[in-house]
Amino acid sequence: MNWYLCKHCGTALESNSTPSNSGCPKSSWHDWNNLGSVGNKNYICKHCSTVIQTQSTPSNSGCPNASWHDWNQAGEVGSNTYICKNCGCKVKANSTPSNSGCPRSSWHDWNKM
């Protein structure tokens, strides 16, 4: 199972194979990029605010808002939900995620839900 992200619309999804490229709301087709295998570490892109969970640092290709992704690890996946007051990113973790790499501020300001 891998994470795929459309370069045109920013849709992220998990799939066993490259998703269909029809139905992109921002272009004539989806342009999918394989970001990596689904895993237990949270990553947030500083450019596009995409949040995914992979085994290692995701691929930096295919960012919808920049020439490349700038990934920051936000900690291990867990059962608590945290939302950043600055950028609105939502992360599931057992402890407060890393505050580095906020797309809208100098740092994340996490609120446990």
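As a reminder, the structure under discussion sits directly above these lines.
Residues numbered from 1 in each chain as written. Predicted model: local features only at pLDDT ≥ 70, side-chain atom pairs only at ≥ 80, totals over all residues. Heavy atoms only, no water.

Some points on the overall build of the protein chain
Thought 1: Along the protein chain, the regular secondary structure elements total zero helices and seven strands.
Thought 2: Beginning at the N terminus, the succession of helices and strands in the protein chain can be written as β-β-β-β-β-β-β.
Thought 3: The globule rule puts the C-alpha radius of gyration for 113 residues at 13 Å, and the 14 Å found for the protein chain is close to it.
Thought 4: Each principal axis of the C-alpha atoms in the protein chain carries an extent, and together these give about 40 × 25 × 20 Å.
Thought 5: Classification of the 113 residues of the protein chain by burial places 39% in the buried group.
Thought 6: Relative to all contacts within the protein chain whose residues are 6 or more apart in sequence, the contacts with residues 24 or more apart total 42%.
Thought 7: Carbon together with sulfur atoms contributes 41% to the accessible area of the protein chain, which is approximately 6,100 Å² in total.
Thought 8: Separation between the mean location of the 9 positive side-chain charges and that of the 5 negative ones in the protein chain comes to 6 Å. (Helix = DSSP H or I, 4+ residues; strand = E, 2+ residues; numbered from the N terminus. Rg over C-alpha atoms; globule rule 2.2 N^0.38 Å. Buried < 20%, exposed > 50% of the residue type's maximum accessible area, 1.4 Å probe, protein only. Contact = heavy atoms within 4.5 Å. Areas by Shrake-Rupley, 256 points an atom, 1.4 Å probe, with all protein chains shown as cover. Lys, Arg positive; Asp, Glu negative; His and termini not counted. Charge placed at Lys NZ, Arg CZ, Asp CG, Glu CD.)

Things to note about the nonpolar core
Thought 1: Ranked by size, the top nonpolar core spans 11 residues in total: Ile 44, Val 51, Ala 74, Tyr 82, Cys 84, Cys 87, Cys 89, Val 91, Ala 93, Cys 102 and Trp 110.
Thought 2: If you list the elements that add at least two residues to this core, you get strand S5 (71-84) and strand S6 (90-93).
Thought 3: The greatest single-element share of this core, amounting to three residues, is contributed by S5.
Thought 4: Those residues in contact with Cys 87 that sit more than four places away from it in its chain are Cys 102, Pro 103, Arg 104 and His 108.
Thought 5: Ranked by size, the runner-up nonpolar core spans nine residues in total, among them Trp 3, Leu 5, Leu 35 and Cys 48. (Core = buried A, V, L, I, M, F, W, Y, C linked by side-chain atoms within 4.5 Å.)

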